Amino acid sequence: MVHPLPADLDPQRLPKHIAVIMDGNGRWGQQRGLPRIMGHQKGVDTIRNILTYCQDWGIQALTVYAFSTENWRRPPTEVEFLMTLFEKVLRREIKIWAAKGIQIRFVGDLTSLPYSLQEEIQRSVIQTRHNSGIQFTVATNYGGRQELVQACRAIATKVAAGELKPSDIDETLINNHLYTHGIPDPDLLIRTSGEMRLSNFLLWQMAYSEIYVTPTLWPDFDKTELHQALLAFQQRERRFGKATV
Ligand code: IPE
Ligand code: IPE
Ligand code: MG
């Protein structure tokens with residue numbers, strides 16, 4: 001069943017790309033006297049739900065922040081739980097996502113993830129790469145600064161080899177060396193759990209994203225919350241530096 005777009009949303013003015021900082025899982029667990037990891041577990045249901053609504057409502061790209069380069073600082077048990085969870089979810093969901101035409105992609109330094117997770121990631125990317133539905137990107141071991149560092153290294157290597165001149169370096173060239181090449185910049189950033197910061201997410205790409213923060217914790221973020229975020233987005237005036245006359 002395809003869910004129709006709510007009547008008060010203008011289908012012509014939807015964000016093409018929504019980025020989400022899925023925050024508040026730990027607090028969701030703690031508030032219920034449960035371990036933090038229960039919040040992560042519940043957060044997976046939210047991902048499934050929001051991905052479905054984004055696809056049905058005609059959003060072309062959704063990027064979710066699943067694990068930051070800073071999240072290794074958490075207790076090893078929580079990190080291990082998350083890595084295992086990612087693998088399990090991928091193994092379980094990929095067939096369904098593939099059948100729905102979803103194209104999955106991962107951004108971040110995947111080389112330091114557990115090997116079995118890397119394999120699952122590769123399998124899922126290959127399995128869905130020719131799909132033409134929503135582009136679903138999962139930021140895993142992702143850091144905006146790390147991404148820029150690896151882009152600089154790749155460009156510098158080409159300059160040193162004589163393949164590029166320093167004057168060839170422009171915004172397009174930098175874009176092409178980011179993990180996100182081929183994905184349009186996010187129009188809307190949603191952050192749950194009330195925190196008003198970027199936490200090293202898509203620093204280059206979000207130069208002109210509209211930011212929407214909700215106090216709702218990620219496991220409680222639902223269709224109504226997504227609807228609210230889209231309504232708020234449609235009320236924004238995106239100026240991109242221009243003056244309004
Ligand atoms: C976000 O929820 C999920 C990840 C970072 C993996 P948190 O785990 O950060 O939840 P809070 O912010 O501690 O409540
Ligand atoms: C950002 O959330 C990272 C993810 C959602 C994966 P954090 O909970 O790690 O961010 P901080 O530490 O509050 O900035
Ligand atoms: Mg957090």
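The structure reproduced in this document is the subject of the present report. Computed from a prediction, not measured in an experiment: that's the story for all the values here.

## Topic: the site of ligand 2
1) Next: In the neighbourhood of ligand 2, the contacting residues comprise Ile21, Met22, Asp23, Tyr65, Ala66, Phe67, Asn71, Arg74, Arg191, Arg197 and Ser199.
2) Next: Taking Ser199, its side chain carries an N or O atom lying 2.6 Å from an oxygen atom of ligand 2.
3) Next: Notes on ligand 2: free accessible area 390 Å², of which the protein chains cover 78%.
4) Next: For the shell around ligand 2, the leading source of residues is strand 2 (residues 61-68), giving three residues.

## Brief notes about the side chain of Arg105
1) Next: Looking at the secondary structure, you find Arg105 in strand 3 (residues 103-107).
2) Next: For the buried residue Arg105, which engages in no salt bridge, the nearest side chain bearing the opposite charge is Glu147, 8.0 Å off.
3) Next: Setting aside anything within four residues of it in sequence, one finds Arg105 in contact with Val125, Gln135, Phe136, Thr137, Val138, Tyr179, Thr180, His181, Gly182 and Ile183.

## Points about the sheet that holds strand 3
1) Next: Pairing is parallel in the open sheet, where six strands are placed in the order 3-4-2-1-5-6. Of all the strands in the sheet, just strand 3 and strand 6 (210-213) have a single pairing partner and so form its edges. Pairwise comparison of adjacent strand axes, ignoring direction, gives a mean angle of 20° for this sheet.
2) Next: Note: strand 5 (residues 188-191) against strand 6, four bridges, orientation parallel. Looking across to strand 6, one finds that Ile190 is bridged to Tyr212.

## Thoughts on the site of ligand 1
1) Next: Every residue near ligand 1 is listed here: Met22, Asp23, Gly24, Asn25, Gly26, Arg27, Arg36, His40, Ala66, Asn71, Arg74 and Leu82.
2) Next: Take Gly24: an N or O atom from its main chain is 3.4 Å from an oxygen atom of ligand 1.
3) Next: In isolation ligand 1 has 380 Å² of accessible area, and contact with the protein removes 87% of it.
4) Next: Those elements that provide at least two residues to the shell around ligand 1 are helix 1 (25-31) and helix 2 (36-56).
5) Next: Among the elements that line the shell around ligand 1, the one with the most residues is helix 1, at three residues.
6) Next: Here the residues of the shell around ligand 1 are counted per class, giving three nonpolar, five polar and four charged.

Definitions and limits used
- The written sequence of each chain sets the order in which its residues are numbered from 1.
- Numbering of ligands from 1 and lettering of chains from A proceed in the order in which they are written.
- Whole-chain, interface and lining totals are the exception, using all residues; otherwise, since this is a predicted model, local features are given only for residues with pLDDT of at least 70 and side-chain atom pairs are given and counted only at 80 or more.
- Note: side-chain values were computed over all heavy atoms of the structure, leaving out hydrogens and water.
- We call a residue near a molecule or strand whenever a single non-hydrogen atom of that residue lies within 4 Å of it.
- Two N or O atoms form a polar contact when they lie within 3.5 Å of each other; inside protein one atom must be a possible hydrogen donor and the other a possible acceptor, and for residues adjacent in sequence the pair counts only when both atoms belong to side chains.
- All accessibility values rest on the Shrake-Rupley procedure with a 1.4 Å probe; residue burial counts only the protein chains present in the view.
- Helix and strand assignments follow DSSP, with helices taken as H or I runs no shorter than four residues and strands as E runs no shorter than two, numbered in order from the N terminus.
- Classification of residues uses two cut-offs on accessible area relative to the type maximum, computed with a 1.4 Å probe and protein chains only: under 20% is buried, over 50% is exposed, and between them is partly exposed.
- Charge convention: Lys and Arg are scored as positive, Asp and Glu as negative, and His as well as the terminal groups of each chain are ignored.
- Whenever a carboxyl oxygen of Asp or Glu lies within 4 Å of a side-chain nitrogen of Lys or Arg, that contact is scored as a salt bridge.
- Two residues qualify as a contact provided that any one of their heavy atoms is within 4.5 Å of a heavy atom in the partner residue.
- We call two strands paired when DSSP finds no fewer than two bridges between them.
- Orientation is described by lines fitted to C-alpha atoms, with helices fitted over the stretch in contact, and by angles between N-to-C directions that extend from 0 to 180 degrees.
- Amino acids are sorted into nonpolar (Ala, Val, Leu, Ile, Met, Phe, Trp, Tyr, Cys and Pro), charged (Asp, Glu, Lys and Arg) and polar (every other residue, Gly among them).

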